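Take a look at the letters that make up each chain.
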Amino acid sequence: MKFKPNQTRTYDGDGFKKRAACLCFKNDREEEVLLVSSSRHPEQWIVPGGGMEPEEEPCGAAIREVFEEAGVKGKLGRLLGVFEQNQDRKHRTYVYVLTVTETLEAWEDSVNIGRKREWFPVDEAIRVLQGHKPVHAEYLRRLQLHAHRSSTMPSNGNSLPAGSLSHAPPPYGNNTLPSGGPLQLSCSTMPSNGNSLPASPLSPPPSYGNSLAASPLSPSPPNDNYPRYAVVNTAPQTPSAVVLGSSSCR
């Protein structure tokens, strides 16, 4: 079993142990993920990660843990989410994506406790993790879900599929709306009424001044928070995703 001298566990305001982990991939395609052997059960595989130290940021803890446990360095990417385990032990784990750029032949845990590492295709890693560490399998399921959503988004830079604006309104002024493309505005014809849309002969100006606050076209306020996922198999009232404040390690 892994033991760190003078190790201090840190907890958040809700009494959850603060942890950080990384899904380590060979490249940006994120097809193969690195798992390490468990210190308690060497025949089982886990995602490298561990407890945060006092005054340590989640991203720093994630990088440190994968260096100690897996012997790799790399480019730290996005924060996938904060995963909550509330069964036998209460944990909240910040899970990052890391692209490996350097692999050590011998590293701290391989020397001290004989820890092993191995690359797995993502689907196989989920199967391997499910029996021993289902919460770790959930990390990869969320990754696949996000990848699927990204692949179904339009690739033309618009919020609407290509061709949905093929029946565009007639041009006005010096501006035209090409078939299937975004509205192109020259600097000389940008609206002077303070709105984000040019004054169009097709729609009357709003009667509430220049503010779009009362308009049904007003955008929703941005949400830069990261999702938090609760992984609790027995709790019937667990939310599927709860917003958690963003980390300064973004």
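Residues numbered from 1 in each chain as written. Predicted model: local features only at pLDDT ≥ 70, side-chain atom pairs only at ≥ 80, totals over all residues. Heavy atoms only, no water.

Description of helix 3 (residues 122–132)
Within helix 3, the full set of buried residues consists of Val122, Ala125, Ile126, Val128 and Leu129. In this structure, the buried side of helix 3 is in contact with strand 1 (17–25), strand 2 (32–37), strand 3 (45–46), strand 7 (117–121) and helix 4 (134–151). (Buried < 20%, exposed > 50% of the residue type's maximum accessible area, 1.4 Å probe, protein only. Helix = DSSP H or I, 4+ residues; strand = E, 2+ residues; numbered from the N terminus. Contact = heavy atoms within 4.5 Å.)

Some remarks on the confidence of the model for the protein chain
Within the protein chain, residue pLDDT values average 74, and 58% of them lie at 70 or more. Low confidence marks residues 159–203, where pLDDT is under 50. Its contacts with residues over four positions away, or in another chain, come to 47 contacts. Predicted confidence is poor over residues 205–226, with pLDDT under 50, and the contacts of this stretch with residues over four places away or in other chains come to 26 contacts. (pLDDT = per-residue confidence, 0-100.)

Some remarks on the environment of Pro134
With respect to the element layout, Pro134 can be found in helix 4. Accessibility expressed as a relative area gives 29% for Pro134, which makes it partly exposed. Spatially, the C-alpha atoms of Pro134 and Ile46 are 9.7 Å apart, while their sequence positions differ by 88 residues. With near-sequence residues (within four places) excluded, Pro134 lies in contact with Leu129 and Arg141.

Some words on the packing of aromatic side chains
One pass over the structure, following the stated rule, counts 2 aromatic pairs. Summarising the aromatic geometry, the rings of Trp45 and Phe120 are spaced 5.4 Å apart at their centres and angled 70° between planes, so their arrangement reads as edge-to-face. Of the two residues, Trp45 is situated in strand 3 and Phe120 in strand 7; the sequence distance between them amounts to 75 residues. Each member of the pair, Trp45 as well as Phe120, is classed as buried. Directly above the ring of Phe16 sits Lys90, whose terminal nitrogen or CZ lies 4.5 Å from the centroid. For Arg92, the ring lying beneath its charged end belongs to Phe16, and the centroid distance is 3.9 Å. (Phe/Tyr/Trp six-rings, centres within 6.5 Å; stacked < 30°, edge-to-face > 60°. Lys NZ or Arg CZ within 6 Å of the ring centre and 35° of its normal.)

Remarks on the side chain of Glu56
Here Glu56 is to be found in the loop between strand 4 (49–51) and helix 1 (58–70). A relative accessible area of 18% means that Glu56 is categorised as buried. Within polar-contact distance, the side chain of Glu56 engages the backbone nitrogen of Glu53 at 2.8 Å. Excluding anything up to four places from it in sequence, Glu56 contacts Ala61 and Arg64. (Polar contact = N/O pair within 3.5 Å; in protein donor to acceptor, adjacent residues only side chain to side chain.)

As for the nonpolar core
Counting residues in hydrophobic clusters, the biggest one holds 22 residues, and the most contacted among them are Leu23, Phe25, Leu35 and Leu140. Of all the secondary-structure elements, those providing two or more residues to this core are strand 1, strand 2, strand 5 (72–86), strand 6 (90–103), helix 3 and helix 4. In this view, Phe25 contacts Glu30, Glu31, Glu32, Val33, Val97, Leu98, Thr99, Val100, Trp119, Val122, Leu140 and Leu143; residues no more than four positions away in its chain are not counted. Judged by nonpolar contacts, the second largest core, of 19 residues, contains Ala20, Cys22, Cys59 and Tyr96. (Core = buried A, V, L, I, M, F, W, Y, C linked by side-chain atoms within 4.5 Å.)

A short note on the packing of helix 3 against helix 4
Put simply, helix 3 and helix 4 touch, their axes get as near as 6 Å, and they point 150° apart. One finds that helix 3 runs roughly antiparallel with respect to helix 4. You can see that helix 3 and helix 4 cross each other, and the crossing is left-handed. Contacts between helix 3 and helix 4 involve Val122, Asp123, Ala125, Ile126, Leu129, Gln130 and His132 from the first element and Pro134, His136, Ala137, Leu140, Arg141 and Gln144 from the second. Here the residues of the contact of helix 3 with helix 4 sort into 7 nonpolar, 4 polar and 2 charged. (Axes fitted to C-alpha atoms, helices over the stretch in contact; angles between N-to-C directions. Parallel < 35°, antiparallel > 145°, perpendicular 65-115°, else oblique. Left-handed = near helix turned anticlockwise from the far one by under 90°. Nonpolar A, V, L, I, M, F, W, Y, C, P; charged D, E, K, R; others polar.)

Looking at unusual backbone geometry
With phi around 55°, Glu30 is a residue other than glycine that occupies positive phi space. Its location among the elements puts Glu30 in the loop between strand 1 and strand 2. You will see that Glu55, though not glycine, has its phi angle at about 70°, which is positive. The residue Glu55 is located in the loop between strand 4 and helix 1 in this model.

Side note on helix 4
Between its first and last C-alpha atoms helix 4 spans 26 Å; for 18 residues at 1.5 Å apiece the expected length is 26 Å, and the two agree. Listed in full, the buried residues belonging to helix 4 are Val135, His136, Ala137, Glu138, Tyr139, Leu140, Arg142 and Leu143. (Expected span 1.5 Å × (residues − 1).)

Section: the environment of Thr10
By secondary structure assignment, the location of Thr10 is in the segment before strand 1. Between the C-alpha atom of Thr10 and that of Glu56, which follows or precedes it by 46 residues, the distance is 9.6 Å. When sequence neighbours within four positions are dropped, the list of residues in contact with Thr10 reads Phe16, Lys17, Lys18, Met52, Glu53 and Pro54. Separated by 2.9 Å, the side chain of Thr10 and the backbone oxygen of Met52 make a polar contact.

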